[in-house]
Amino acid sequence: MTLKRLSPEELLGLDRFNVDEGHPHILVDRARCALCAARPCVTVCPARCYRLKDGQVAFDCAGCLECGTCRVVCKDQGVTSWTYPRASFGITFRCS
Amino acid sequence: MSDDSFDVIVVGAGPAGSACAFALAREGRSVLLLERGDSAGAKNLSGGRLYTYALELLEPGMYLRAPLQRRIVREQVMLVEGRRATTLDVADPAWGEGVPRSHSVVRASLDEWFAAEAEGAGAVFAAGMRVDGLLEENGRIVGIRAGEDEMRAGVVVAADGVNSLLGQQAGLFPDVAARAVGVGVKETIELPDAVIDDRFGVTAGEGVARVAIGCTEGVSGGGFLYTNRGSLSLGIVFNPEQAAAHGRPIQEIFQDFKEQPAIAALLEGGTSVEYGAHLVPEIGHHGVPARLHREGMLVIGDAAQFGINTGLVIRGMDLAIVSGLAAARAILQEGAPTGPAYMAQLEELALLPTLRAYAEFHGIFGISRIFKEYPALANQALGFLFQVDGRVPPPMLKELLAIVRKNVSFRQLAADAWKGYRSL
Ligand SMILES: Cc1cc2nc3c(=O)[nH]c(=O)nc-3n(C[C@H](O)[C@H](O)[C@H](O)COP(=O)(O)OP(=O)(O)OC[C@H]3O[C@@H](n4cnc5c(N)ncnc54)[C@H](O)[C@@H]3O)c2cc1C
Ligand code: SF4
Ligand code: SF4
């Protein structure tokens, strides 16, 4: 049996998360995203937290791997606040 | 010393922070080591090879206690073109004997062990503590703030990794630039040790490190495959700006890599158990901020953007450890101002000189064709040379030149050769 190709959902399903409901650690301003043509976040977020829906960029914090890539590529400042999750929340790597 | 005051507070229990805390605590300094993850390593990820000289520098023989995975005795470079691959395999069973050279590692266990070593030396280790800000008095950093808590120290060491929010808050450097980092994605795949030994041609305890070029659809970056005990680490690092311009989601390209036949054959029967991503400092010396200290504060490890990537050799953890030691030595020096003493130690421990030696190397990655056309050329040329079909072969030289021309023009070839020469 060859090792299966995994969808983003399946990949994230391998991980252990403790989502901080109601306290997103990244805030995105959709009005600013509407003015952003390049939308690099959609391509480079390894967790696909940024997705195009009806031509608009939608963001969902769940599944965030805390890499910081969106922070460094977002030149249009749609990412208005980026911090690490509160202690004990977010991803826990066990064997990476 | 009151209860809430330490000689040193180290923020971040990666290899940089734990090395620093260890070196300070063993000399009797009071040290608080803070980590936002529930355990050290819970938030961390690397490709997974540690150049062990760094542990030896910290304490001779320390590597014998460390949870190292496999001693790397085979180095492989893989040039990928679609389903084809050409792999160069360099093996020497003596590598890593005696003075250790490099081992594969798993961060969850390495970092946990390392923080426990610091604790064993006398440091206070607190996991599950996110540092939110710095305390400043009269232009001097005097401590940290974590939630409601404030803690004071003579020196705060920022070991908070590539996205150093603390260094930025201290005004030492701006946000990390996209061109200065790579984004790495990685899957950990469980496979029995006996299968790994057989498949990779090693005996128990020995391991293989493979890098791959040509698996990024032309985006600057490369793949890696490392053997651990009972698992494999597979991943790709991408330049985020180029990846964005390319437009295909990076985890899609990564999944294609998993299906590349020469990789898939090595993974067969394995079980994916974890997926992660992390940034990595990519441009070496030119990425290091001009200021790594201010009164009461030092910046070490990835936070200082200490990294080397030659495409073949990827180093960050060893430099993190060495810089942690440099900071500790500077803090232990009586009388001298800590910042300049730290910079002097980075010279003495050969960290900055090494970064300077590789300073222009990153220019090689400016040759975009390395990531697509040249791996294709190698595969096509070798594919042609190995081809036997019973017919009279076309004239060798003519055919080989045609293959070269199909991939690059002679002008590009000359320009790339010059650029490569200038970078070395
Ligand atoms: C895909 C990939 C492959 C790599 N391959 C290799 C390799 O093969 N070999 C190699 O040597 N290097 C490799 N590296 C680089 C290596 O991982 C880093 O150089 C190394 O981890 C740096 O160590 P550090 O201690 O400076 O930072 P980190 O290991 O990032 O540690 C920083 C720590 O600080 C904590 N922290 C951050 N902010 C806070 C806060 N506010 N409060 C409390 N805690 C905080 C984090 O949770 C973390 O534990 C790779 C990196 C990547 C991404
Ligand atoms: S890059 Fe920034 S501004 Fe542009 S779509 Fe993404 S988050 Fe919004
Ligand atoms: S930090 Fe990384 S994983 Fe999280 S949303 Fe940003 S790019 Fe995606």
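Predicted model, so just to flag it, every value in this text is computed and none were measured. (Residues numbered from 1 in each chain as written. Chains lettered and ligands numbered in written order. Predicted model: local features only at pLDDT ≥ 70, side-chain atom pairs only at ≥ 80, totals over all residues. Heavy atoms only, no water.)

### Focus on the packing of aromatic side chains
The geometry of an aromatic ring pair is captured by the separation of the ring centres together with the interplanar angle, meaning the angle of the planes.
Move 1: One pass over the structure, following the stated rule, counts 7 aromatic pairs over all chains.
Move 2: Judged by centre distance (5.2 Å) and plane angle (35°), the ring pair of Trp-113 of chain B and Phe-114 of chain B falls under tilted. One exposure class covers both Trp-113 of chain B and Phe-114 of chain B, and it is buried.
Move 3: Sitting above the plane of the Tyr-84 of chain A ring, Arg-36 of chain B keeps its charged end 3.8 Å from the centroid.
Move 4: Here the basic side chain of Arg-101 of chain B rests over the ring of Trp-95 of chain B, its NZ or CZ set 4.6 Å away from the ring centre. (Phe/Tyr/Trp six-rings, centres within 6.5 Å; stacked < 30°, edge-to-face > 60°. Buried < 20%, exposed > 50% of the residue type's maximum accessible area, 1.4 Å probe, protein only. Lys NZ or Arg CZ within 6 Å of the ring centre and 35° of its normal.)

### Looking at the pattern of salt bridges
Move 1: All chains considered together, the criterion is met by 36 salt bridges over all chains.
Move 2: The residue Asp-197 of chain B makes a salt bridge to Arg-70 of chain B at a minimum N-O spacing of 2.8 Å. Of this pair, Asp-197 of chain B sits in helix α5 (residues 193-200) while Arg-70 of chain B sits in the loop between α2 (53-58) and β4 (71-81), and the two are 127 residues apart along the sequence. The burial state of Asp-197 of chain B is the same as that of Arg-70 of chain B; both residues are buried.
Move 3: Residue Glu-187 of chain B pairs with Lys-258 of chain B through a salt bridge whose shortest N-O separation is 2.9 Å. In this pair, Glu-187 of chain B is assigned in strand β11 (residues 181-190) and Lys-258 of chain B in helix α7 (residues 250-259), connecting sequence segments 71 residues apart.
Move 4: By relative accessible area, Glu-187 of chain B is classed as buried at 0%.
Move 5: Via salt bridges that share partners, Arg-5 of chain A together with Glu-217, Arg-248, Glu-252, Asp-256 and Glu-259 of chain B belong to a single interconnected network. (Salt bridge = Lys/Arg side-chain N within 4 Å of Asp/Glu carboxyl O. Helix = DSSP H or I, 4+ residues; strand = E, 2+ residues; numbered from the N terminus.)

### Some details on the site of ligand 1
Move 1: Near ligand 1 you find 36 residues, and of these Glu-35, Gly-47, Arg-49, Arg-107 and Asp-302 of chain B are the closest.
Move 2: At ligand 1, the nearby residues belong to more than one chain, namely chains A and B.
Move 3: Within the backbone of Gly-316 of chain B, an N or O atom sits 3.0 Å from an oxygen atom of ligand 1.
Move 4: Here Met-317 of chain B contributes a backbone N or O atom positioned 2.8 Å from an oxygen atom of ligand 1.
Move 5: Considered on its own, ligand 1 offers 1,000 Å² of accessible surface; in the complex 97% of this is hidden by protein.
Move 6: Contributions of two or more residues to the shell around ligand 1 are made by α1 (15-25), β13 (221-227), β15 (271-281), β19 (314-315) and α9 (317-332) of chain B.
Move 7: Ranked by residue count, the leading element in the shell around ligand 1 is β15 of chain B, at 3 residues.
Move 8: Residue composition of the shell around ligand 1, grouped by class: 16 nonpolar, 11 polar and 9 charged.
Move 9: When residues of the shell around ligand 1 are assigned to domains, at least three map to each of domain 1 (5-68 + 105-173 + 289-349) and domain 2 (179-281) of chain B. (Near = heavy atom within 4 Å. Polar contact = N/O pair within 3.5 Å; in protein donor to acceptor, adjacent residues only side chain to side chain. Areas by Shrake-Rupley, 256 points an atom, 1.4 Å probe, with all protein chains shown as cover. Nonpolar A, V, L, I, M, F, W, Y, C, P; charged D, E, K, R; others polar. Domains from an automatic or database assignment.)

### Re the domain arrangement of chain B
All names here are of chain B.
Move 1: By the assigned domains, chain B splits into domain 1 (5-68 + 105-173 + 289-349), domain 2 (179-281) and domain 3 (362-423).
Move 2: Computed from C-alpha coordinates alone, the two centres of domain 1 and domain 2 are separated by 28 Å.
Move 3: Contact between domain 1 and domain 2 buries roughly 1,300 Å² in total, counting both sides, with carbon and sulfur atoms accounting for 63%.
Move 4: Summed over the three residues of domain 1 that lose the most area to domain 2, namely Leu-45, Gly-47 and Val-162, the buried surface amounts to 38% of that side.
Move 5: The interface formed by domain 1 and domain 2 contains 0 salt bridges.
Move 6: There are 2 residue pairs in polar contact (both at pLDDT 80 or more) connecting domain 1 and domain 2.
Move 7: Classifying every residue of the side of domain 1 that touches domain 2 gives 8 nonpolar, 6 polar and 3 charged. (Buried area = accessible area lost by both parts, 1.4 Å probe.)

### Thoughts on the UniProt feature "domain: FixC-like C-terminal" (unreviewed entry) in chain B
Move 1: The UniProt feature table records "domain: FixC-like C-terminal" (unreviewed entry) at residues 368-423 of chain B.
Move 2: Structurally, residues 368-423 of chain B comprises 70% helix and 0% strand, and the distance from its first C-alpha atom to its last is 14 Å. (UniProt positions renumbered as here; feature names shortened; annotations may be inferred.)

### Some details on the site of ligand 2
Move 1: Around ligand 2, the structure places Cys-33, Cys-36, Arg-39, Pro-40, Cys-41, Tyr-50, Val-57, Cys-74, Asp-76, Gly-78 and Val-79 of chain A.
Move 2: Residue composition of the shell around ligand 2, by class: 8 nonpolar, 1 polar and 2 charged.

### Topic: the UniProt feature "domain: ETF-QO/FixC ubiquinone-binding" (unreviewed entry) in chain B
Move 1: UniProt's feature table lists "domain: ETF-QO/FixC ubiquinone-binding" (unreviewed entry) at residues 182-278 of chain B, given in the numbering used throughout.
Move 2: Taken end to end, residues 182-278 of chain B is 33% helix and 41% strand, and its first and last C-alpha atoms sit 8 Å apart.

### Regarding the pairing of β11 of chain B
Residues and elements named next belong to chain B.
Move 1: Across the 10 residues that make up β11, a large majority, 9, are buried.
Move 2: Relative to β15, β11 runs antiparallel, the two being bridged by 10 bridges. Within β15, the position partnered with Val-185 by the bridge is Ala-277. (Pairing = 2+ DSSP bridges.)

### Focus: the environment of Ala-85 of chain B
Residue and element names in this part refer to chain B.
Move 1: The topology assignment puts Ala-85 in strand β5 (residues 84-91).
Move 2: Look at Ala-85 and you get partly exposed, because its relative accessible area is 30%.
Move 3: Apart from residues no more than four positions distant in its own chain, Ala-85 is found in contact with Met-78, Leu-79, Val-80, Gln-260, Ala-262 and Asn-379. (Contact = heavy atoms within 4.5 Å.)

### Section: the environment of Ala-40 of chain B
Residues and elements named next belong to chain B.
Move 1: Looking at the element boundaries, Ala-40 is found in the loop between β2 (31-35) and β3 (49-51).
Move 2: Remark: the alpha-carbon pair of Ala-40 and Glu-112, spanning 72 residues in sequence, is separated by 4.8 Å.
Move 3: Once residues within four sequence positions are removed from consideration, Ala-40 is found in contact with Ala-13, Glu-35, Ala-108, Asp-111, Glu-112, Ala-115 and Phe-125.

### A word on the interface of chain B and chain A
Move 1: Of the residues lining the interface, 54 residues belong to chain B; the matching set on chain A comes to 40 residues.
Move 2: Overall, the association of chain B and chain A removes approximately 4,100 Å² of surface from exposure, summing both partners, and the carbon and sulfur fraction of that is 54%.
Move 3: Linking Glu-241 of chain B and Lys-75 of chain A is a salt bridge whose minimum nitrogen-to-oxygen distance equals 3.3 Å.
Move 4: Across the chain B-chain A interface, the total number found is 27 residue pairs in polar contact (both at pLDDT 80 or more).
Move 5: Every element with two or more residues in the side of chain B that touches chain A is listed here: α3 (107-120), α4 (165-169), β11, α6 (240-246), α7 and β15 of chain B.
Move 6: Of the residues forming the side of chain B that touches chain A, the biggest block, 9 residues, is contributed by β15 of chain B.
Move 7: For the side of chain B that touches chain A, a count of residues per class yields 22 nonpolar, 15 polar and 17 charged.

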